[in-house]
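Fold and geometry: a report
Chain by chain, the residues:
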Amino acid sequence: MAVAPVESKASLSSDLFYDILRRLDGPTLASAACACAAFCSISKEEKLWENVCSSMWPSTNREDVKSLILSIGGFRKFYADCFPLIVNKEVTEYQGNDYLEYPEELTEAEYYGDVDEFESVAPSNFVSIVDIRYKDRTICSKVLWGIPNANEFNGWFYNCPFRIDLLTYATRGDDNEGEVFLSVSDGLPPILSMEKERKDGKLWMELRDGLRLSWIVVNKKMKQAANLASWSPLGGQRHWPTDKDFLIRFGSVLSAKDIFPFQVVECILIMKFRVIHTEGEGVPTTLKLTELSMQLEDMEGAHVNGRNSLLILKEALSCRRSKNYSEVLESCHLYSKAQSELKEEKMKSESRLDRLCIVSGIAAFLTFWYCIL
């Protein structure tokens, strides 16, 4: 039997290793790269990471998105930037401080510095890549180029509350343009009536446990990307604002140093479904996605304006991240706790001020009548 040349064996081994690695998900592929020199070398292949990104975020299958990812460093870098989620625990340093003041208003030149920095936060440089999954099945993929209604820094966008309503704006080349529905065939539990759902909450629990959201923001000028979603829901509200609506909230805590006194803001991602059919109507239970939006709020619950939001999004692209989901949740819970404490302190201060006003009014009234009598 003839012995195969060394080159053939090496080639055969490389082909086998590649075939093995291409079947792995992102975390496993990253771990395998540390196993041996051969795996490490093969794992640098962009095609492997393109497959991983395509499986994780179906929006990256689009040709325009592929070109975008390649222009900012490739699929391997894109996965490393967007798979870990944002963690920000700096909020703990500012709890209980009642004397924080807002920074003084700066001129546009002072705010953005040189021309390059100004251009890096231009609305046209931001791209949103959004994917929604329900029970590991993609139900919606959207890509939004730029920020709608933002004519750079002119007009209303500059000082008005920042908000992106993804379903309002048509995007070119979406895989599933139009309306998004969920039904029993997707794994939803059948609902006989909204009265029964209000009592047992089965549909609400299925939505909360099954939905996953990824909202990746890319800055073309800076060549950076970050996932602003929490992947799993952070909370929500059922039967609001109407009996048939279900609101699910995702998000993250972003740094706002030198912009807001508490140094952090909350990125709120809202997903809203409405029940349009129940089993009692003679058709399968069906839900329609009616809202998918992003907005930023400060610790006091005030909406962040367009200019500050762009600066915050820019900083978010280079902030700390973690693959540990419990650490991500802890970051969000710390923010919620600090926000609740701030609200309680504010209510106490307002209550003390009300009592002071009442006492002052009574004292003035008694003094007035004492002087008259």
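Computed from a predicted structure; not experimentally measured.

**Details of a nonpolar patch on the surface**
- Judged by side-chain polarity, Ile358, Ile362, Phe365, Leu366, Phe368, Trp369 and Ile372 come together as a nonpolar surface patch covering roughly 750 Å² of accessible area.
- Locating Trp369 in the fold gives a position in helix α12 (residues 325-372).
- The class for Trp369 is partly exposed, based on a relative accessible area of 39%.

**Observations regarding the pattern of salt bridges**
- The final tally for this structure, using the stated rule, is 20 salt bridges.
- Here Asp209 ties to Arg208 by a salt bridge, and the two come within 3.9 Å at their closest N and O atoms.
- Arg249 is the partner of Glu266 in a salt bridge, and the nearest nitrogen-oxygen pair spans 3.0 Å. Of this pair, Glu266 sits in strand β10 (residues 264-277) while Arg249 sits in strand β9 (residues 245-255), and the two are 17 residues apart along the sequence.
- Look at Glu266 and you get buried, because its relative accessible area is 10%.
- Judged by relative accessible area, which is 24%, Arg249 ranks as partly exposed.

**Let's talk about the sheet that holds strand β3 (residues 137-145)**
- What the four strands build is an open sheet, ordered β3-β2-β6-β7; its pairing is antiparallel. Two strands close off the open sheet at either side, each with one partner strand: β3 and β7 (224-227). Strand after strand, the sheet turns through a mean of 15° between neighbouring axes, direction not considered.
- Against the sheet, helix α10 (residues 202-210) contacts β2 (126-134) and β6 (211-219), and its axis sits at roughly 40° relative to β6.

The rules behind each value
- Residues numbered from 1 in each chain as written.
- Predicted model: local features only at pLDDT ≥ 70, side-chain atom pairs only at ≥ 80, totals over all residues.
- Heavy atoms only, no water.
- Patch = residues over 30% accessible without salt bridge, like charges linked within 9 Å, V, L, I, M, F, W, Y side chains within 5 Å.
- Areas by Shrake-Rupley, 256 points an atom, 1.4 Å probe, with all protein chains shown as cover.
- Salt bridge = Lys/Arg side-chain N within 4 Å of Asp/Glu carboxyl O.
- Helix = DSSP H or I, 4+ residues; strand = E, 2+ residues; numbered from the N terminus.
- Buried < 20%, exposed > 50% of the residue type's maximum accessible area, 1.4 Å probe, protein only.
- Pairing = 2+ DSSP bridges.
- Axes fitted to C-alpha atoms, helices over the stretch in contact; angles between N-to-C directions.
- Contact = heavy atoms within 4.5 Å.

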